[in-house]
Amino acid sequence: MARPLWPGLLLALITVLALWQTTQVQVAVNLSGLIGPQTAGAQAIRDYERRFEPIRAEEVLLVRAPSFGDEAVLAGFEDLVLELQFVEGVEQVISLAGLPAPGRDGAWLSGPELAPLPTEARLRRMRNESPLAAQLISEDLTSAVVVVIPERGAGGDALVAGINEAVAISGGMEVHNVGLAAVQRAIAQELIYDLSVLTPMAVGLCLLLTLLLYRSWRVVVVIALPAITGLFWFMGWMGVTGTGIDPVMGALPVLLVVLAVSDSIHIYHAAIHASTAAGDDARPSKQALVRALAETAPAAALTSLTTIIAFLSLSIPDSPSLNTMSYAGVAGMILSLTAVLTLTPLFMYALGVPRAGMQVPRVFSALMGPARAISRMRRAVPMVTLLVLAGLWALQSQSEIGFRYADYLPRGAEVSDALAQMEQSGLGSDRMMLIVEADPAAPYARVRRAVAAIWGEGRGGWIEGASGEAMLARMAALDGSAHALPLQLPIAARDIRADTALNELRETLAQTGLAEHSAIIGPGYALLTEGPNLVQSLRYGLYGTIAVITLLVALVYRSWWLGLVAMVVNLIPILGVEAWLVLIGRELTIMNVIALTIAFGIAVDDTLHFLNRYRLARATPEHDRATQALIDAGPPMVATTVILLAGIMMTLTSALPGMAVYGGLIALAILLALLTDLFLLPGLIRGRSR
């Protein structure tokens, strides 16, 4: 502030460099990145690749037609399969047309066994006799699945372009790509939309709301521009480090902006008080701005630290995606705080705000009267706090851990709709492998039991005799010690717990005595099985975050009582969100627990700003300190919450369900945090002081 020109020019140069590096930011979607390399699911995939063959990024096509029982339609389908086989980079195409005939070499669909039958009868016979065929064409004969397996090292955009060209010449059929690669491409497209459209809209909404509340474009610049600059610095850091944005961290840019705006608002309100106390007539003096920064910066730094602690807890689970979000969140918080603390006073000095006569908007002060009245109820407030805490704790204890694949499917996307159609047709939505270990004394006995258990008695003819052994040989491990049976399970499209069908399969295997001699593998299976473990690790991280922040508050303010009070009033919002999930019948999923963890780090912000003002009110009589802190900190707490909610609520419009839920839960926690900090915290502190 003594020489604002040179620091301002340096910060402008840094911002220009950051904007340049922002162009290097990439969107990187890899759902498998949620699972760490040392988890059981990842190790099972590596074991499969060692014993069988490497898993490749398959392109799975859902082909729909009025009826494949029509001879012309079936002929067109066979032509499509033939075209796909000639696409550059394709090693194999798995489809009904290429299914081997039982008892001989060659295709079954075009073979002599079925030639005398009408087209529809041929398809129904294949479905009835072979469960493999039943996984490739629906019972109503309107949907068929084609799996395109690329050559080693092939795949990506070039392969997709070749497939699209082959599909384009197929007439009379509707073809959708529904594989994991297609899902990730759809997620990436939606993430790009959110970053390029929703994030600017969220920032714009915050600007508009700030203008309506404070009625001064200068105030809007002072409050919002440092936050936006901090976002540019963060995106520039992402570009420099090559850190990609994935679905888990899609809402992070919006979060950083609104949190930075919150700190700027507190500094601005402190400047109003400092300028009034200094008697500044027209524009604030440098001394008043320095005083405002000195009063607010410690609390702003502490609130950023609590959110950083919350982000750091995401580094505990063995999950590359969460670990990346952890250090990206830490970097973003540091850069945003730096931007706010360096730029806000410079902008206030340059624009001459707050000017004489500027006051805190009355709408924010309206809640202070009821809050002050409630704070005087020294006995009622602790009693109400304990009752609310106990009730929410009881509800929260009923929560369950789960995983919903649909949280990651963009709403309205072609691939999401196609997966829903696929499940409705009875074809499942995710391809897995059931590994059945062979008994050396009877190499095919267990696999035959597995076929009968999964698909029913009388449907194992395709593995009988010499031709059946030839079919099983295609599914055998390299050393012949096991067989891999392909499975299509309905886990993705509907908004239900994704492990329902998987649990039924496990029960079936257990009832037939195959649980010890079989294993299920696949990227989708790894997500389903490791998801609950990941959620549990995140919960431990949340508990650790609560403990560390409670200890931090106690040490900073040198009072175990204040640390305990801060923990109680900030547990209520988190327990309230978990109770809400129980009431609406939702499980604790990965995205939900991430939201709770980050929400706790944010929810404590208002508490820290209140305690900061409580500390600064030393000259006030002890029994009135809480009231004075409420008068000073309450209005900016309300202002920051309103603007926080406006920005975060924009995430509800995202087509990515996980991001929408993430933003909604954080918004609910922030709202509950404001209510507890206004109506419970002052009364708890006041009761202790008396």
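The coordinates are above.
Undergrad: Break down the overall build of the chain for me, citing the residues and quoting the values.
TA: Of the regular secondary structure elements, the chain holds 24 helices and 7 strands. With the C-alpha coordinates of the chain rotated into their principal frame, the extents come out at 100 × 50 × 40 Å. Per-residue burial over the chain gives 57% buried out of 690 residues. Once local pairs closer than 6 in sequence are excluded, the contacts in the chain between residues at least 24 apart make up 81%. Of the roughly 28000 Å² that the chain leaves accessible, carbon and sulfur atoms contribute 60%.

Undergrad: Run through the sheet that holds strand β1 (residues 59-64), naming residues and quoting values.
TA: Taken together, 4 strands build an open sheet; the order of strands is β2-β3-β1-β4 and the sheet is antiparallel. On the outer flanks of this sheet lie β2 (90-94) and β4 (174-177), each paired with one strand and no other. Neighbouring strand axes in the sheet, compared pairwise and without regard to direction, differ in orientation by 25 degrees on average. Pairing between β2 and strand β3 (residues 143-150): 4 bridges, direction antiparallel. Each bridged residue has a counterpart across the sheet, and for I94 the counterpart in β3 is V147.

Undergrad: Quick rundown of the sheet that holds strand β7 (residues 518-521)? Include the residues and the values.
TA: Strand order in the open sheet formed by 3 strands is β6-β5-β7, with antiparallel pairing between adjacent strands. A strand with exactly one partner marks an edge of an open sheet, and here the two such strands are β6 (482-489) and β7. When the angles between neighbouring strand axes are averaged without regard to direction, this sheet yields 25 degrees. Against the sheet, helix α2 (residues 40-51) contacts β5 (430-437), β6 and β7, and its axis sits at roughly 70 degrees relative to β5.

Undergrad: Describe a nonpolar patch on the surface, with residues and values.
TA: Judged by side-chain polarity, L10, L13, I14, L17 and W20 come together as a nonpolar surface patch covering roughly 520 Å² of accessible area. Mapped onto the elements of the fold, I14 is located in helix α1 (residues 5-22). I14 sits in the partly exposed class, given a relative accessible area of 36%.

Undergrad: Just give me the short version of helix α19 (residues 523-556), but keep the residues and values in it.
TA: Relative to the 50 Å expected for 34 residues at 1.5 Å per residue, α19 spans 46 Å between its end C-alpha atoms, a close match to the ideal helical length. Within α19, the axis deviates most sharply at E530, by approximately 40 degrees, and proline P532 lies no more than four positions further along. One or two positions beyond α19, positive phi appears at R558, with a value near 55 degrees.

Undergrad: Outline the packing of aromatic side chains, supporting the account with residue identities and numerical values.
TA: Counting across every chain of the model gives 5 aromatic pairs. Where Y214 meets Y268, the ring centres are 5.7 Å apart and the plane angle is 85 degrees; that geometry is what we call edge-to-face. Of this pair, Y214 sits in helix α7 (residues 180-214) while Y268 sits in helix α9 (residues 252-278); the two residues are 54 residues apart in sequence, bridging distant segments of the chain. Across the pair, Y268 and Y214 agree in class, each one buried.

Undergrad: I'd like a description of the side chain of S326, backed by residues and values.
TA: Relative to the helices and strands, S326 is located in helix α11 (residues 320-351). Accessibility expressed as a relative area gives 3% for S326, which makes it buried. Here S326 is in contact with F311, L312, L314 and S315, once residues within four sequence places are set aside.

Undergrad: Explain the nonpolar core to me, using residue names and the numbers behind them.
TA: Of all hydrophobic cores here, the largest spans 205 residues; its most connected members are F68, F77, L485, I594, I598, Y662 and I666. The contacts of I598, once residues within four sequence positions are left out, are L255, A310, F311, L314, Y662 and I666. F52, M433, A482 and I521 belong to the second-largest nonpolar core, a separate cluster that totals 8 residues.

Undergrad: Report on unusual backbone geometry, specifying residues and quantitative values.
TA: In the segment running from V353 into P354, the intervening peptide bond is cis, with an omega of 5 degrees. Turning to its location among the elements, P354 is positioned in the loop between α11 and α12 (362-365). Even without a glycine there, the phi angle at L141 is positive, about 65 degrees. Tracing the backbone shows L141 in the loop between α5 (131-134) and β3. Despite not being glycine, R215 has its phi angle at roughly 55 degrees, a positive value. Tracing the backbone shows R215 in the loop between α7 and α8 (217-241).

Undergrad: Before we move on, can you summarise the packing of helix α10 (residues 286-312) against α19 with the specific residues and values?
TA: Axis separation between α10 and α19 bottoms out at 9 Å; the angle between their running directions is 155 degrees. When the interaxial angle is binned, α10 and α19 end up roughly antiparallel. Where α10 crosses over α19, the two elements pack in a sense that is right-handed. Where α10 abuts α19, its residues L302, L305, T306, I309 and A310 lie against T545, V548, I549, L552 and V556. Residues of the contact of α10 with α19, tallied by class, amount to 8 nonpolar, 2 polar and no charged.

Undergrad: An account of the environment of S425 is needed here, citing residue identities and associated values.
TA: Mapped onto the elements of the fold, S425 is located in the loop between α15 (414-424) and β5. Among residues more than four places away in sequence, those in contact with S425 are R64, S138, E139 and S143. There is a polar contact of 3.2 Å between the side chain of S425 and the side chain of S143.

Undergrad: Can you explain the pairing of β1? Please cite residues and give values.
TA: Most of β1 is tucked away: 5 of the 6 residues are buried. Across 6 bridges, β1 lies against β3 in antiparallel orientation. Each bridged residue has a counterpart across the sheet, and for L61 the counterpart in β3 is V146. Pairing between β1 and β4: 4 bridges, direction antiparallel. In the sheet register, L62 faces β4, and the bridge partner there is H176.

Undergrad: Explain the packing of helix α13 (residues 368-375) against helix α22 (residues 625-648) to me, and be specific about the residues and the numbers.
TA: At a minimum axis distance of 10 Å, the contact between α13 and α22 shows a crossing angle of 140 degrees. With respect to each other, α13 and α22 are oriented oblique. Like other packed secondary-structure pairs, α13 and α22 cross with a definite hand, here right-handed. In this structure, α13 uses M368, A371 and R372 to contact α22, whose residues at the interface are T627, L630, I631, G634, P635 and V638. By residue class, the composition of the contact of α13 with α22 is 6 nonpolar, 2 polar and 1 charged.

Undergrad: Before we move on, could you go through the side chain of T243 and cite the residues and values that matter?
TA: Here T243 is to be found in the loop between α8 and α9. Note on T243: relative accessible area 5%, which makes it buried. Among the polar contacts listed, one links the side chain of T243 to the side chain of T241, at a separation of 2.9 Å. Look past the residues within four positions of T243 in its chain and what remains in contact with it is Q26, W237, M238, T324 and Y327.

Undergrad: Pulling in residues and values, what's your account of the pattern of salt bridges?
TA: Applying the stated criterion to the full structure yields 10 salt bridges. As a salt-bridge pair, E59 and R185 come within 3.1 Å of each other at their nearest N and O atoms. A residue pair is termed long-range when its members are at least 10 positions apart, and E59 in strand β1 and R185 in helix α7 qualify at 126 residues. Given a relative accessible area of 2%, E59 falls into the buried group.

Undergrad: Before we move on, could you go through the environment of M637 and cite the residues and values that matter?
TA: Among the structural elements, M637 can be located in helix α22. With 535 residues separating them in the primary sequence, M637 and P102 have C-alpha atoms 73 Å apart. Not counting the four nearest positions on each side in its chain, M637 is found in contact with H266, D606, F610, L674, D677 and L678.

The rules behind the values
- Residues numbered from 1 in each chain as written.
- Predicted model: local features only at pLDDT ≥ 70, side-chain atom pairs only at ≥ 80, totals over all residues.
- Heavy atoms only, no water.
- Helix = DSSP H or I, 4+ residues; strand = E, 2+ residues; numbered from the N terminus.
- Buried < 20%, exposed > 50% of the residue type's maximum accessible area, 1.4 Å probe, protein only.
- Contact = heavy atoms within 4.5 Å.
- Areas by Shrake-Rupley, 256 points an atom, 1.4 Å probe, with all protein chains shown as cover.
- Pairing = 2+ DSSP bridges.
- Axes fitted to C-alpha atoms, helices over the stretch in contact; angles between N-to-C directions.
- Patch = residues over 30% accessible without salt bridge, like charges linked within 9 Å, V, L, I, M, F, W, Y side chains within 5 Å.
- Salt bridge = Lys/Arg side-chain N within 4 Å of Asp/Glu carboxyl O.
- Expected span 1.5 Å × (residues − 1).
- Bend = angle between axes of the 7 residues up to and from the residue.
- Phe/Tyr/Trp six-rings, centres within 6.5 Å; stacked < 30°, edge-to-face > 60°.
- Core = buried A, V, L, I, M, F, W, Y, C linked by side-chain atoms within 4.5 Å.
- Parallel < 35°, antiparallel > 145°, perpendicular 65-115°, else oblique.
- Left-handed = near helix turned anticlockwise from the far one by under 90°.
- Nonpolar A, V, L, I, M, F, W, Y, C, P; charged D, E, K, R; others polar.
- Polar contact = N/O pair within 3.5 Å; in protein donor to acceptor, adjacent residues only side chain to side chain.

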